[in-house]
Amino acid sequence: MTDRPPSLYEQSWPEGDYRFVQLGHVVDDIVGAAAEWASTFGVGPFHVLPIVDQHLTYADGDVRTVRLQVAVAQAGPVQIELVQQHCDTPSIYRDWSRGGVSSFHQLATVTDDYDAKLRHYERNGHEVAAQSLDGALRVAYIDTVERFGFYTEIVEGTPHFLEQLRAISETCAAWDGRDPVRLLTRDGYRLPDQPGP
């Protein structure tokens with residue numbers, strides 16, 4: 001393969017709220033999908049978080065609790081997120097499942113002005129499909145499915161969230177190929193084939 005100058009396929013990233021920071025995929029087996037991403041695309045290590053309850057408020061006002069597990073790894077300028085739902089509650093994730101096939105679900109941006117960003121999408125004809133108002137971090141899923149084929153996730157750029165992004169990015173930048181799938185624990189991580197606590 002001929003080396004191509006970077007200018008042929010790279011350009012400056014959009015600034016501010018228009019910068020894409022994450023590509024999210026719905027999967028049915030988060031550990032298996034993370035291992036596949038690492039071996040096929042060289043992305044890693046994947047940080048697999050514990051299962052948590054996420055409370056989403058949908059456009060019709062219905063509040064649903066879903067049990068989710070997330071794995072993330074940095075791939076150059078964007079983060080790859082894998083999401084597995086561990087319950088049967090109808091949700092934007094469950095409705096997206098493709099029966100064992102990893103499926104692109106959302107593109108994420110980070111904003112310093114969450115409310116203004118919501119108004120931006122609404123002015124462009126896109127409704128808020130669901131919002132998570134848990135704790136100090138606000139997240140919204142904008143319904144851009146009909147026009148673009150995926151949801152757009154807006155994440156409020158809190159200092160804690162930005163620090164998490166930085167830490168994961170630095171770990172992935174220094175990755176030497178070992179332990180491509182890491183189940184996070186209070187003391188660090190364990191490997192999928194090691195017994196849990």
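Residues numbered from 1 in each chain as written. Predicted model: local features only at pLDDT ≥ 70, side-chain atom pairs only at ≥ 80, totals over all residues. Heavy atoms only, no water.

Observations regarding the overall build of the chain
In step 1: Counting its regular elements, the chain contains four helices and 11 strands.
In step 2: The long-range fraction of contacts in the chain, counting pairs at least 24 apart against all pairs at least 6 apart in sequence, stands at 59%.
In step 3: A total of about 11300 Å² of accessible surface is found on the chain, and carbon and sulfur atoms cover 52% of it. (Helix = DSSP H or I, 4+ residues; strand = E, 2+ residues; numbered from the N terminus. Contact = heavy atoms within 4.5 Å. Areas by Shrake-Rupley, 256 points an atom, 1.4 Å probe, with all protein chains shown as cover.)

A closer look at the environment of Ala33
In step 1: With respect to the helices, strands and loops of the structure, Ala33 is situated in helix H1 (residues 30–41).
In step 2: Among the residues examined, Ala33 registers a relative accessible area of 12% and is labelled buried.
In step 3: Sequence separation of Ala33 and Leu82 is 49 residues, and the distance between their C-alpha atoms is 7.7 Å. (Buried < 20%, exposed > 50% of the residue type's maximum accessible area, 1.4 Å probe, protein only.)

Overview of the nonpolar core
In step 1: Within the largest apolar cluster, 39 residues are counted, with the highest numbers of intra-cluster contacts made by Phe46, Leu56, Leu82, Ile92 and Tyr93.
In step 2: Top contributing element to this core by residue count: strand E4 (residues 63–75), with six residues.
In step 3: If you look at the next biggest cluster of nonpolar residues, it comprises seven residues, including Leu118, Tyr121, Ile142 and Ile154. (Core = buried A, V, L, I, M, F, W, Y, C linked by side-chain atoms within 4.5 Å.)

As for unusual backbone geometry
In step 1: Put simply, Gly44 and Pro45 share a cis peptide bond, and its omega is -5°.
In step 2: Even without glycine at this site, Asp179 takes up a positive phi of about 50°.
In step 3: Inspection of the secondary structure assignment puts Asp179 in the loop between helix H4 (159–173) and strand E10 (181–185).

Comments concerning the environment of Arg138
In step 1: With respect to the secondary-structure elements, Arg138 resides in the loop between strand E7 (128–132) and strand E8 (139–142).
In step 2: The spacing of Arg138 and Val155 is 17 residues in sequence and 6.2 Å in space, taken between C-alpha atoms.
In step 3: At 3.3 Å, the side chain of Arg138 forms a polar contact with the side chain of Asp115. (Polar contact = N/O pair within 3.5 Å; in protein donor to acceptor, adjacent residues only side chain to side chain.)

Brief notes about the pattern of salt bridges
Any two side chains of opposite charge can pair, on the condition that their charged atoms come close.
In step 1: Here the structure, examined in full by the defined rule, presents seven salt bridges.
In step 2: Note that Asp53 and Arg67 form a salt bridge whose closest N and O atoms lie 2.7 Å from each other. With a gap of 14 residues between them, Asp53 in strand E3 (residues 52–58) and Arg67 in strand E4 connect regions that are remote in the sequence.
In step 3: Residue classification places Arg67 among the partly exposed positions, given a relative accessible area of 36%. (Salt bridge = Lys/Arg side-chain N within 4 Å of Asp/Glu carboxyl O.)

Observations concerning a negative patch on the surface
In step 1: Together, Glu122, Glu127, Asp143 and Glu146 make up a region of like negative charge exposed at the surface.
In step 2: Along the chain, Glu127 falls in the loop between helix H2 (114–123) and E7. (Patch = residues over 30% accessible without salt bridge, like charges linked within 9 Å, V, L, I, M, F, W, Y side chains within 5 Å. Lys, Arg positive; Asp, Glu negative; His and termini not counted. Charge placed at Lys NZ, Arg CZ, Asp CG, Glu CD.)

Here's the deal with H4
In step 1: Given a rise of 1.5 Å per residue, 15 residues ought to cover 21 Å, and the 21 Å separating the end C-alpha atoms of H4 matches this to within 8%.
In step 2: Along H4, the residues classified as buried are Phe161, Leu165, Ile168 and Cys172. When H4 is viewed along its axis, its buried side chains cluster within an angular range of 70° and face the same direction. Seen from the buried face of H4, the exposed residues on the opposite side, beyond 90 degrees, are Pro159, His160 and Ala173.
In step 3: Those residues of H4 hidden inside the fold are in contact with strand E2 (46–48), E4, strand E5 (78–85), strand E6 (103–111) and strand E9 (151–156). (Expected span 1.5 Å × (residues − 1). Arc of directions from axis to C-beta.)

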